[in-house]
Amino acid sequence: MPHVVRDFEMRLVKAYIHSQTAMKKILVSLLTRGKLHEEKVLRQEYFKTESRTISEKRVFDTTKEVKIVVVNPTPLRRLEVVDLHVSSELFSLSSPLRSKVETQIQNSFVLEGQSFKTASFEIDIPAFGIEVLTMSPDERRKTDNKSNGASEGNNETFVLENMHFKAEFSKETGMIKRVISNDGKVTELVTEFHSFYTTKGGAYIMDADSGDVPFSTHQRYVTITTGPLTSEVKVSSRGFVYRVRLYNTTGISGHGIHVSLELNMPALGMKNKDVVMLVRTNIESGRGFYTDQNNFNFIGRKTRKIISEAYYPITGQMVVEDSFKRLNIHTKQPHGVSSLDGAIEIMLDRHTFRDDGRGLGQGVYDNVKVNSDFIFHIEYKQAPFQPQENRYTYPTEDAVLMNEFLQNPLVMYEQVNDITRLVTKVHPLKSVQFPCDTRIVKFRDIYKDDLTYNSTSLVLHRRSLHCGFVKKNSQCQITNKVLTVKDLFPKLKVKLTETSLSMVFEKRQMSLYDDIRPPRDELRTFKINL
């Protein structure tokens, strides 16, 4: 079995490399208006040194002019704060319209002997948009950012805040404790880390030998960074990093508490142990909570007494709620979760030598450093009401948007060929307001056996949303306005046919002015012939 897993890792890395090559060719073709299709013009921001390492960010050289290509992979407008690793703070950043982009410079870091700083800036980019930013050396740049600062909460806490809420942290541990909205509503989010010692469980069966104990590492260092765009608390020690970020933006990301974790069990010498993150809240949810079904709708769960039956999988989101509010925990990586009386337990990593006889054929002992990314997202109900259905529920419009942007972050590339001239922006859907509840599942060309073009496949999906919560986002709307192919591609003259999902059977011929929105919780497939 280990060689099968290793082979799968290598195949994933090859697939990742091939997808990056295809993306760069497509971007170069669009940015040169079809004159060039060479992927070597661009270099992606993230890179992997080998199959088992975590992707790392490149450091942009600020001693020369650099073109940075920013890509929005979603059919929705994005207004959010993004980060770059830069070699120094002596640079200026300009937009495609040559206007200056305000940046916030954060603390210095050292990675493999190379020092760098983190530059944050806000970008507003339309659906499927591509924009080219210019980073230029600037020796006159002022390095002192106007800072919001961290304020004192009381003798035991300190406070970070943005334009939407305040977050209190423990002075002793650096962990978040509670969130206070601008209208004074308090939500407890006491975060702790625990470990279980286990010799009875295996890859599929979880069975702790004893109760959980606080997860302890070596000496921890708490770093607080504040600024006009982002504020951050970082708790670090050998083998463990806990980071909480607040974004000061009117975009939907400003309404979330962004938590990222690094856990390296081998570096800590942890064996036959499970490590969990425990979040204690004041949400009176009882034994019930909800987990996502492949990141679509939610299915109701109940916590059971047996540990192996208490955990449920999530691929992108879980929910606990009471009569007044809901806590969404969005995750970028799949996890196992459990909940009891508003307390949420998330499995981060496991190590066991025992094979539980359920098919893996070995224990789980090939651990490496893992990253976990979460967003804690609190929503308040328009009027008090209990969850109407214990078996299922629906995400809200804000939650769908938050999760969509977490799963599909803005992608950045660096132009490494200064000779090639790129257009400064490509906005294919700038004039189209795509509905919040509708997504493009697939949009790709279909080829014949001889590799000549046949048609284009367009698959849309429409979600059901919960409407009983206070809406915060202004980046998209849900309206009864029809969505047509003519709206998407006003200059193209095409033939439109609705087909089955497999595109084997044709259902009917359609006009370019017909509504192509699917019914709620349904898919619709269309074949487009140029």
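What counts and what doesn't
Residues numbered from 1 in each chain as written. Predicted model: local features only at pLDDT ≥ 70, side-chain atom pairs only at ≥ 80, totals over all residues. Heavy atoms only, no water. Helix = DSSP H or I, 4+ residues; strand = E, 2+ residues; numbered from the N terminus. Buried < 20%, exposed > 50% of the residue type's maximum accessible area, 1.4 Å probe, protein only. Contact = heavy atoms within 4.5 Å. Areas by Shrake-Rupley, 256 points an atom, 1.4 Å probe, with all protein chains shown as cover. Salt bridge = Lys/Arg side-chain N within 4 Å of Asp/Glu carboxyl O. Patch = residues over 30% accessible without salt bridge, like charges linked within 9 Å, V, L, I, M, F, W, Y side chains within 5 Å. Lys, Arg positive; Asp, Glu negative; His and termini not counted. Charge placed at Lys NZ, Arg CZ, Asp CG, Glu CD. pLDDT = per-residue confidence, 0-100. Phe/Tyr/Trp six-rings, centres within 6.5 Å; stacked < 30°, edge-to-face > 60°. Lys NZ or Arg CZ within 6 Å of the ring centre and 35° of its normal. Pairing = 2+ DSSP bridges. Axes fitted to C-alpha atoms, helices over the stretch in contact; angles between N-to-C directions. Core = buried A, V, L, I, M, F, W, Y, C linked by side-chain atoms within 4.5 Å. Disulfide = S-S within 2.5 Å.

**Q** Explain the overall build of the protein chain here, please?
**A** In terms of regular secondary structure, the protein chain is built from 5 helices and 39 strands. Its C-alpha atoms give the protein chain principal-axis dimensions of roughly 65 × 60 × 55 Å. Counting the 530 residues in the protein chain, one finds 51% classified as buried. For the protein chain, the share of sequence-separated contacts (at least 6 apart) that also reach a separation of at least 24 residues comes to 67%. Carbon and sulfur atoms provide 51% of the accessible area of the protein chain, an area that totals close to 26,100 Å².

**Q** How do you make sense of the pattern of salt bridges when you look at a structure like this?
**A** Side chains carrying opposite charge are able to pair once their charged atoms draw close together. Summed over the entire model, instances satisfying the criterion amount to 24 salt bridges. Salt-bridge contacts for Glu188 lead to Arg178; the nearest nitrogen and oxygen are separated by 3.3 Å. Placement of Glu188 in strand β16 (residues 186-188) and of Arg178 in strand β15 (residues 176-181) is noted, with a sequence separation of 10 residues between them. When its relative accessible area of 21% is taken as the criterion, Glu188 is described as partly exposed. A salt bridge links Lys527 to Glu506, with the shortest nitrogen-to-oxygen separation between them at 2.9 Å.

**Q** Please clarify how helix α4 (residues 397-407) should be interpreted in this entry.
**A** One full turn of an α-helix is made of 3.6 residues, so residues set three or four places apart face in the same direction. Most of α4 is tucked away, with 10 of its 11 residues classed as buried. For α4, the full list of buried residues reads Glu397, Asp398, Ala399, Val400, Leu401, Met402, Asn403, Glu404, Phe405 and Leu406. On its buried face, α4 is in contact with β6 (78-86), β22 (256-263), β27 (317-321), β28 (325-331), β31 (370-380) and β35 (438-447).

**Q** Looking at this structure, how should I read a positive patch on the surface?
**A** Among the surface-exposed residues, Arg287, Lys302, Arg304 and Lys305 lie close enough to one another that they form a single positively charged patch. On the accessibility criterion, Lys302 (57% relative accessible area) is exposed.

**Q** Hey, could you run me through the confidence of the model for the protein chain in this one?
**A** The predicted coordinates should not be examined in detail at positions where pLDDT is low. Looking at the protein chain, the pLDDT average stands at 88 and 94% of residues meet or exceed 70. Predicted confidence is poor over residues 144-148, with pLDDT under 50, and the contacts of this stretch with residues over four places away or in other chains come to 12 contacts.

**Q** Whenever I open this one, the packing of aromatic side chains confuses me. Can you help?
**A** Aromatic rings considered in pairs are described by the distance between their centres and by the relative angle of their planes. Inspection of the entire model under this criterion finds 9 aromatic pairs. Ring centres 6.5 Å apart and planes at 85° place the aromatic pair Tyr447 and Tyr453 in the edge-to-face group. Cluster of aromatic residues (ring-pair linked, three or more members): Phe193, Phe240 and Tyr242. Here the basic side chain of Lys381 rests over the ring of Phe385, its NZ or CZ set 4.0 Å away from the ring centre.

**Q** What am I meant to see in the sheet that holds strand β38 (residues 506-510) here?
**A** Each strand in a sheet pairs with another by means of backbone hydrogen bonds, the pair being arranged parallel or else antiparallel. Spatial ordering of the open sheet is given by β35-β36-β39-β37-β38, a layout of 5 strands whose pairing is antiparallel. The outermost strands of the open sheet, each flanked by one partner alone, are β35 and β38. Each strand axis lies, on average, 25° off the axis of its neighbour in the sheet, ignoring direction. The pairing of strand β37 (residues 495-499) with β38 spans 4 bridges and is antiparallel.

**Q** What is the right way to read the sheet that holds strand β26 (residues 312-314) from this model?
**A** An order of β18-β17-β23-β30-β29-β26 is seen for the 6 strands of this open sheet, with the pairing classed as antiparallel. Edge strands, defined here as strands with exactly one partner in the open sheet, are β18 (213-214) and β26. In terms of strand pairing, strand β17 (residues 190-197) meets strand β23 (residues 273-280) through 8 bridges, oriented antiparallel. Pairing of Ser195 across the sheet is with Val275, part of β23.

**Q** Is there a simple way to explain a nonpolar patch on the surface in this structure?
**A** Residues Val441, Leu501 and Leu523 make up a contiguous nonpolar surface patch of about 280 Å² in total accessible area. Inspection of the secondary structure puts Leu501 in the loop between β37 and β38.

**Q** Would you take a moment to explain the side chain of Thr396 for this structure?
**A** Inspection of the secondary structure assignment puts Thr396 in the loop between β32 (392-393) and α4. Dropping the residues within four chain positions of it, Thr396 is found in contact with Arg326, Glu379, Leu465, His466 and Phe469.

**Q** Even after reading the chapter, I still don't get the nonpolar core, so can you show me in this structure?
**A** In summary, soluble globular proteins display a tendency toward joint burial of nonpolar side chains. Ranked by size, the top nonpolar core spans 43 residues in total, and within it Tyr242, Ile257 and Phe376 carry the most contacts. Apart from residues no more than four positions distant in its own chain, Phe376 is found in contact with Leu189, Thr191, Gly256, Ile257, Val259, Met277, Val279, Leu327, Asn328 and Ile329. By size, the runner-up hydrophobic cluster in this structure holds 25 residues, among which are Leu76, Phe434, Cys476 and Val485.

**Q** What exactly am I supposed to notice about unusual backbone geometry here?
**A** What is expected of a backbone is that most residues other than glycine have negative phi and most peptide bonds are trans. For Arg33, which is not glycine, the phi torsion reads 55° and is therefore positive. Counting through the fold element by element, Arg33 comes out in the loop between α1 (2-31) and β1 (42-44).

**Q** What's the story with the state of the cysteines in this structure? I'm lost.
**A** As used in these notes, a disulfide is a covalent bond between sulfur atoms, one from each of two cysteines. Applying the stated criterion across every chain, the model contains 1 disulfide. In this model, Cys436 is linked to Cys476 through a disulfide, with the two sulfur atoms separated by 1.5 Å. Every disulfide takes its handedness from the sign of the S-S torsion; for Cys436 and Cys476 that torsion is 100°, giving right-handed. Here the residue Cys436 occupies a position in the loop between β34 (425-426) and β35, and Cys476 occupies one in the loop between β36 (453-462) and α5 (485-488), the gap between them amounting to 40 residues. Taking relative accessible area as the criterion, Cys476 reaches 1% and is therefore assigned buried. With no disulfide partner, Cys467 has as its closest neighbouring cysteine sulfur the one in Cys436, 11 Å distant. Judged by its relative accessible area of 63%, Cys467 falls in the exposed class.

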